[in-house]
Amino acid sequence: MEKTRKSELLVAALQNGTVIDHIPSDKVFDVVNLLGLTSIDTPITIGANLSSHKMGSKGIIKIADRYFTEKECSKLSVIAPNIVMSIIRDYEVVEKKRISMPNEICGIVKCGNPKCITNHEPMQTVFDVVDKDNGTLRCRYCNKDIHKGEIKLL
Ligand SMILES: [Zn+2]
């Protein structure tokens, strides 16, 4: 019994890769989609509905042998403000960073204005982040503000 449990732990520990933690439980699969994790072939562990002191319930994703660029990380800021990304090298956490909002967000958020040209033409949406603390985005085409709670992903 002891032995089995130990080997399970070894599978769960990452030698090299990225751990994405503090994901709201209902957003775990949004993270999977935004980072394109469905099409990579390194081992991925996805945990959802895990108990968390701070959040009540949270999700965590571990991706072996894969690191993400600043741009890829910044996409996650539209999902939740508190996502933490840890970089693992040789079983050690070498970097831990909280995902922050970039100055602009291209192509991942839908404009909430039904008349906006981006909802009618095959073009990429572009939003300026006008308030990073409150998570307010402004559409560059129609100037409509979108607040954190109203953000819809494309
Ligand atoms: Zn718009």
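Before going into details, it helps to say that this report is about the structure given with it.

Parameters and conventions
- Residues numbered from 1 in each chain as written.
- Predicted model: local features only at pLDDT ≥ 70, side-chain atom pairs only at ≥ 80, totals over all residues.
- Heavy atoms only, no water.
- Helix = DSSP H or I, 4+ residues; strand = E, 2+ residues; numbered from the N terminus.
- Buried < 20%, exposed > 50% of the residue type's maximum accessible area, 1.4 Å probe, protein only.
- Contact = heavy atoms within 4.5 Å.
- Phe/Tyr/Trp six-rings, centres within 6.5 Å; stacked < 30°, edge-to-face > 60°.
- Lys NZ or Arg CZ within 6 Å of the ring centre and 35° of its normal.
- Pairing = 2+ DSSP bridges.
- Donors = N, O, S within 2.8 Å, 3.2 Å for Na, K, Ca; no water.
- Tetrahedral: all angles 85-135°; square planar, octahedral: opposite > 155°, others 65-115°.
- Core = buried A, V, L, I, M, F, W, Y, C linked by side-chain atoms within 4.5 Å.
- Domains from an automatic or database assignment.

**Focus: the overall build of the protein chain**
For step 1, the next point in the chain: Looking only at helices and strands, the protein chain features three helices and eleven strands.
For step 2, the next point in the chain: Listed by position from the N terminus, the elements making up the protein chain come as α-β-α-β-β-α-β-β-β-β-β-β-β-β.
For step 3, the next point in the chain: By its C-alpha atoms, the protein chain is 60 × 30 × 25 Å across when sized along the principal axes.
For step 4, the next point in the chain: Here the protein chain holds 154 residues, and 38% of them are scored as buried.
For step 5, the next point in the chain: Excluding contacts between residues fewer than 6 apart, the proportion of contacts in the protein chain whose partners are at least 24 apart in sequence is 55%.

**What to know about the packing of aromatic side chains**
For step 1, the next point in the chain: As enumerated under the stated definition, the model contains zero aromatic pairs in all.
For step 2, the next point in the chain: Over the aromatic face of Y67 sits the side chain of R89, whose NZ or CZ is 4.3 Å from the ring centroid.

**With respect to the sheet that holds strand β6 (residues 104-106)**
For step 1, the next point in the chain: Within the open sheet, the four strands sit side by side as β6-β8-β9-β10. Their pairing is antiparallel. Looking at the sheet topology across the chains shown, the edges are occupied by β6 and β10 (145-146).
For step 2, the next point in the chain: Pairing between β6 and strand β8 (residues 126-131): three bridges, direction antiparallel. Its bridge partner being in β8, C106 is matched across the sheet by V126.

**Observations regarding the coordination of the zinc ion**
Angles at a metal have ideal values that depend on geometry: 109.5 degrees with four tetrahedral donors, 90 or 180 degrees with six octahedral donors.
For step 1, the next point in the chain: Donor atoms from the polypeptide that bind the zinc ion are C111 (SG), C116 (SG), C139 (SG) and C142 (SG), placed at 2.3 to 2.4 Å.
For step 2, the next point in the chain: For the zinc ion, the four donor atoms are set out with angles of 103 to 115° between them, so the coordination reads as tetrahedral.
For step 3, the next point in the chain: Each donor residue of the zinc ion lies on the same chain, and together they follow the pattern C-x4-C-x22-C-x2-C. With a gap of 26 residues between them, C116 in the loop between β7 (109-110) and β8 and C142 in the loop between β9 (136-139) and β10 connect regions that are remote in the sequence.

**Thoughts on the nonpolar core**
For step 1, the next point in the chain: Ranked by internal contacts, the top residues of the largest apolar core, which has 31 residues, are I20, V31, I61, L76, V78 and I83.
For step 2, the next point in the chain: Only β1 (16-24), α2 (28-34), β3 (56-64), β8 and β9 provide two or more residues apiece to this core.
For step 3, the next point in the chain: At four residues, α2 tops the list of elements feeding residues into this core.
For step 4, the next point in the chain: Both of domain 1 (2-98) and domain 2 (104-153) provide at least three residues apiece to this core.
For step 5, the next point in the chain: Counting residues in each nonpolar core, the second largest holds five residues, with L14, V19, A64 and I88 among its members.

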